[in-house]
Amino acid sequence: MTDKTRSIDLANISLRDALDLAVLVEEEAKDRYEEFADQMELHHNPEAARFFRFMLAIEAKHESRLAERRRGLFGDEPRAVKREMIFDIEAPEYDEVRANMTLRQALDASLRAETKAFEFFEAAAEMVQMKDVQDIFTELREEEREHQALVRQEIDRLPPEGPARDDDDEIVAL
Amino acid sequence: MGMAGSGGDGIVSAGESLISAAAYEGYHAMMTKSFGSQVRGGESSCRVRLSTARVQNPGGTLDVAIALNWEDFLKFGAELPVSGDTVVIYDSKTGVEPGQIPLVGVTPKEVFAVPIGEMARRAAGTDKAKNSVVLGLIAGWFGIAPGSIVRGLNKKFAKKGPELLAANERAFHLGEEFAKEHPLATPRAMAPPTSSGSKMLTDGNDMCAAAAILAGCEFFGGYPITPSTEIMQFFTREVWKYGGAVVQAEDEIASIGAALGASFAGKKAMTATSGPGMALKTEILGLATIAELPLVIVNVQRGGPSTGLPTKPEQSDLFQAAFSASGDVLRPILAPTSVADTVDVTVEAFNIAEHYQTPVILLSDQEIAQRKETVDPIDTSRFTFIERKRPTAVDLQSYARFRMTEDGISPISHPGMKGGNYQGAGIEHNEQGNPTASGKVHAAMNAKRFRKLAPLQRRRDLFRIDGDPDAPFALVSWGSIAGVCREAYLRATAEGLAVKLLVPWLVYPVAEEIYREFFGSVRAGLVVEASHQGQLYRILRMYVDVPRGVTSFARDGANPIQPGDVVARLRAAALALQSPPSAQQIACEE
Amino acid sequence: MTTSNAPLPTYQAKDYKSELKPIWCPGCGDFGVVQAIYRALAAIGRPPHEIAFVSGIGCSSRIPGYTTAYGFNSVHGRALPIAQGIKIASPELLVLVAGGDGDGFSIGGGHVAHAVRRNTDITYIVMDNQIYGLTKGQLSPTSPKGLHTVTSEYGSLEEAVNPLLYVLAYGANFVAQGTPADMAGLAEVIEAAIRFPGFSFVNVQSPCVTFGEDDQQVKNHRATMQSLAKLGHDPTDRLAAMGLAQKYGKELHTGVFYKNPDPPPTMNALIKERQQVLSEKAPPRSRIFDRFLQT
Ligand SMILES: Cc1ncc(C[n+]2csc(CCOP(=O)(O)OP(=O)(O)O)c2C)c(N)n1
Ligand code: SF4
Ligand SMILES: [Mg+2]
């Protein structure tokens, strides 16, 4: 878990920093989904692209809700936590995607990402000292649980699917 | 004057002392050297041509031939041709009688067997002073700069101690006295120089490097190869003084790569090599073209293909320079014609490279690069130096590196310049520099890269045209052979032949208009060059309607073309025109 | 919290990310590498226009285009010479070089030794996927012996080049390895490499998801990688580093193999010294021809 953050002392994190961390976690996930959606479009996989855009919207909404809350509590106080300090907390990892991935594989990838985020906040909540911070992390953990449920629901609705697309002549050579 | 001996004889060093003294006195002079293929201690020879007028080329048959031993002398065959006008001097130690000298088919004017080695030993106690004896003989018989030669010896041996100096002076005087005691049947003394004031004495490689530094070159990447290495050596001594740097890279690819990197970083940069190295540089040359980066690449041509004749001149890399490229490439090729104009051509190469953001190939050759020549002192204030067009503050607000401009020249930024960030690349790109595979963009970019160079073809100042514009006979020549043709042109004109001469500094792209105009009045002529194929002639025919009567006079490298050969051919071409049937034929064909 | 009084960086990772969308295969390890580079650059904080990022040709060599730095996507195998030219000509720039295993250790292999011995202050990042990605899956110099590829139908007959040992043997003063399976660690070694004064080398095990071996993917890395720091390796011990580097291809070590605690002067420093000494007695450029006068 420590390999997901750099120079953040989670045990002693303040409420403001915790909120900022949460915002950045969502922002990172949102950006990653956007990149994935772009990649899928570039590689002619519209189904996976559409799903990643759907996830993007969810993360974006979540991010803006958290950002608003932070502003309500701390106004324009500068951020001490930065994007550079976190690594793939809720964002699915880069190697989760493939050009020819099926929709089910895309959903599985994001389920793993949500699970990963759930585990991060669960561990964080256990680690922190301050009650208000613990509440925030617990709340975040629960939201990740909801996201997981949402993705599961989608997975269950999927019709059975055939094998992945075989695209042997996709790459441009120099 | 031509002399030959074994490596240890110091015959080349004698030539150097002689030409240095001549330059100091204000003579015009030229010296070429030639060596056997041994790295050390092989046979060596040199030719020195002195004159009170400008020396255009190393000259043809010898007035004076000096052989320290005959075996070595004969190895240089065509480079040291003896005629019925030659005074032959040789070391009597060879045991050859003056009537028996091993020269076939000629009877020299005068022959002297001189105890050169014995005199050296007498004066200095060693054979090593033979070259000082030779200098004394030359000074005594031909009246060439005795004072300045002694002065030169003084300078040369100053560091080596007074004893050695005294010994060499004694050897010199022994030679001088010998000459006075055995006067020539027909005295031949040099007239005093017409211009006083000492001259510079230098070779094409040093001039090229010095001119590059003058032009603001701050980076040189090189890899040793004969006959270009002296350019790098000059840089390693000098460029640091002007805030620049030089890298002896691991190969020719790295050397042009590093130079291109320096240019990308915004600095004027250069690399130098010879044919085989040029082959390795080809890929990055293409990169320079598509990335539109200024770069000067010197190819000091030698005999090819492959290792070929590393120490002999040839003009056979013109096709390589013009056409060795993947893709549609047009890169300017400039060729100096003498040590002196190497300066102008090098400065011009940088100016063109910078102005048009293009690689420029400076096609020198072994002769110009390594021959020593007197040059009048240079007033550097006559040069202008062009810098690449940098983006203005307005350009930088929405910078597009390869912006489509009317003249095809887009302002160029470099790392460190805020707002100018772009991706240089070998891949085709759009105006912003982003990769593309669009045929439309590719065509537009090709057109831009060609369009920007179009004005070059109208640069009349890059051509030396002499003679009556309406003359029916013509000579065209480039590189070191141009000096031969210039002398041929003067001789033919003196003979009353109506001939004109065109010598391009800009060899490629072919300046179609300039040639068309030049050939307008021409009915017969020669394109003279040192290659087997006649590469310039063939390239001209690709672009220009060369008149039928203009033919190629091409001779493989290391087989010197003499002004006399050119005049004879020209005369023959003129005669052919005068014989009625063929003249009619040509007239109606035209 | 430890960061609250650290000054805000002037540049953030996103400031180094260009608009251009990578055309790498989704899942390619190079996505992680470029992210790590953004972060390392943000930590260092040099403005993008003061960075020159040079590459050769290959999938990995596309990388400069995905940054906002000045980029030069040159020709196959020649990034190092070009980068050294840039650095020597403009010492104030931050110069990065990146490319593939084929670019760096096959066609461009001859340049590596000389980049090491020249010791210009540049950072060389190799995205080592043990395969030729861009040309679709041929054998690469780091492919393990016996690998079956489209150019080694029956298995390759050659041993793999060991990039780590190669640069260590030539005397490199900073040698590290990373993998996108450990993003924080990767960003960290790249940052340390850039900060190191002199030639620095980072080998990144960056899997090719399209042509790479199944057991060379990020998931495997995650399961097998061992941090050199955790192993207690002393990065100032060159011999120990060489011992560990021998395991290349068998074990995946991450972190710094070797970092010279007393780095020798860079080539640029030596050049500057020489320029200063020699420029004092230099005639002006306009008098450069005077030396040829016969006096
Ligand atoms: C002179 C030259 N030869 C061959 C190629 C074709 N080529 C392009 S990339 C490449 C190899 C790519 O492998 P690597 O360097 O490992 O990069 P990767 O694509 O794996 O990142 C080759 C052989 C070329 N572009 N130029
Ligand atoms: S072919 Fe391999 S190396 Fe190239 S982009 Fe695809 S995954 Fe990456
Ligand atoms: Mg590879």
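Our structure's up above, just so we're on the same page.
Because the structure is predicted, anything quoted here is derived from the model rather than measured.

1. Let's talk about the interface of chain B and chain C
The accessible area lost on association of the parts is a frequent measure of interface size.
Line of reasoning, step 1. Across the contact, 69 residues belong to chain B and 49 residues belong to chain C.
Line of reasoning, step 2. Interface area for chain B against chain C, summed over the two sides, is near 4,700 Å², with a carbon-plus-sulfur share of 64%.
Line of reasoning, step 3. Among the residues of chain B in contact with chain C, Trp 240, Tyr 242 and Glu 250 of chain B are the three that bury the most area, contributing 15% of the side total.
Line of reasoning, step 4. At the boundary of chain B and chain C, one finds two salt bridges.
Line of reasoning, step 5. Across the pair Arg 118 of chain C and Glu 250 of chain B runs a salt bridge whose closest N-O atoms are separated by 2.7 Å.
Line of reasoning, step 6. Our count for the contact surface shared by chain B and chain C stands at 30 residue pairs in polar contact (both at pLDDT 80 or more).

2. Structural notes on helix 15 (residues 439–451) of chain B
Residue and element names in this part refer to chain B.
Line of reasoning, step 1. With 13 residues, helix 15 should cover 18 Å at 1.5 Å per step; its first-to-last C-alpha distance of 18 Å lies within 8% of that length.
Line of reasoning, step 2. Within helix 15 the residues assigned to the buried category are Met 445, Asn 446, Lys 448 and Arg 449. The buried residues of helix 15 occupy one face: seen down the axis, they fall within an arc of 160 degrees. Facing away from the buried side of helix 15 by over 90 degrees, the exposed positions are Gly 439 and Lys 440.
Line of reasoning, step 3. Contacts made by the buried residues of helix 15 are with helix 10 (275–290).
Line of reasoning, step 4. Two or three places before Lys 440, at the start of helix 15, stands the capping residue Ser 438, its side-chain oxygen 3.2 Å from that residue's backbone nitrogen.

3. Description of the coordination of the magnesium ion (ligand 3)
Residue and element names in this part refer to chain C.
Line of reasoning, step 1. Surrounding the magnesium ion (ligand 3) are the protein donor atoms Asp 101 (OD), Asn 129 (OD1) and Ile 131 (O), at 2.1 to 2.2 Å.
Line of reasoning, step 2. Sequence spacing of the donor residues for the magnesium ion (ligand 3), all on one chain, is D-x27-N-x1-I. Note on accessibility: Asn 129 and Ile 131 belong to one class, buried.

4. Details of the pairing of strand 5 (residues 82–91) of chain B
Residues and elements named next belong to chain B.
Line of reasoning, step 1. Of all ten residues in strand 5, eight are buried; the element is thus mostly enclosed.
Line of reasoning, step 2. By the bridge criterion, five bridges tie strand 4 (residues 62–67) to strand 5 in an arrangement that is parallel. Of the residues in strand 5, the one forming a bridge with Leu 62 is Val 82.
Line of reasoning, step 3. Note on the crossover from strand 4 through helix 2 (residues 70–75) to strand 5: the handedness is right-handed.
Line of reasoning, step 4. Pairing geometry for strand 5 and strand 6 (residues 110–114), over five bridges, is parallel. The residue of strand 6 that forms the bridge with Val 88 is Val 111.

5. Quick word on unusual backbone geometry
Line of reasoning, step 1. In this model, Thr 226 of chain B is joined to Pro 227 of chain B through a cis peptide bond whose omega is 0 degrees.
Line of reasoning, step 2. Residue position: Pro 227 of chain B is located in the loop between strand 8 (219–222) and helix 8 (229–238).
Line of reasoning, step 3. In this structure, Pro 509 of chain B follows Tyr 508 of chain B across a cis peptide bond, with omega equal to 0 degrees.
Line of reasoning, step 4. Its location among the elements puts Pro 509 of chain B in the loop between strand 19 (506–508) and helix 17 (512–519).
Line of reasoning, step 5. At His 44 of chain A, a residue that is not glycine, the phi angle is positive and equals roughly 55 degrees.
Line of reasoning, step 6. Note on placement: His 44 of chain A falls in the loop between helix 1 (15–42) and helix 2 (46–74).
Line of reasoning, step 7. Positive phi outside glycine occurs at Asp 88 of chain A, with the angle close to 55 degrees.
Line of reasoning, step 8. One can find Asp 88 of chain A in the loop between helix 2 and helix 3 (103–127).

Rules used in this analysis
Along each chain, numbering runs from 1 in the same order as the chain's sequence is written. To read the labels, note that chains go from A and ligands from 1, taken in the order they are written. Given that the model is predicted, a residue must reach a pLDDT of at least 70 before its local features are reported, and side-chain atom pairs must reach 80 or more before they are shown or counted; all residues, however, enter totals for whole chains, interfaces and linings. The basis for every side-chain value is the complete set of non-hydrogen atoms in the structure, without hydrogens or water. Every residue pair with non-hydrogen atoms within 4.5 Å of one another is taken to be in contact. Once two parts are joined, some of their accessible surface, as seen by a 1.4 Å probe, is lost; buried area is that loss totalled over both. A pairing counts as a salt bridge when a side-chain nitrogen of Lys or Arg comes within 4 Å of a carboxyl oxygen of Asp or Glu. In protein, a polar contact means a hydrogen-donor-capable atom and an acceptor-capable atom, both N or O and within 3.5 Å, with residues adjacent in sequence counting only if both atoms are side-chain atoms; elsewhere, any N or O pair within 3.5 Å suffices. Counting from the N terminus, the helices are the DSSP runs of H or I reaching at least four residues and the strands are the DSSP runs of E reaching at least two. To estimate how far a helix should reach, multiply one less than its number of residues by 1.5 Å. Under the scheme applied here, a residue whose accessible area is under 20% of the maximum for its type counts as buried, over 50% as exposed, and between as partly exposed, the area being computed with a 1.4 Å probe on protein chains only. For this quantity, the arc is that covered by the directions from the helix axis to the C-beta atoms. Metal donors: N, O and S atoms at distances within 2.8 Å, or within 3.2 Å for Na, K and Ca, with water omitted from the atom set so that some sites may seem incomplete. Here, a strand pair is defined by DSSP locating no fewer than two bridges between the strands. By convention, a crossover is right-handed whenever its connection, traced from the first strand over the helix to the second and viewed with the strands pointing away, goes clockwise.

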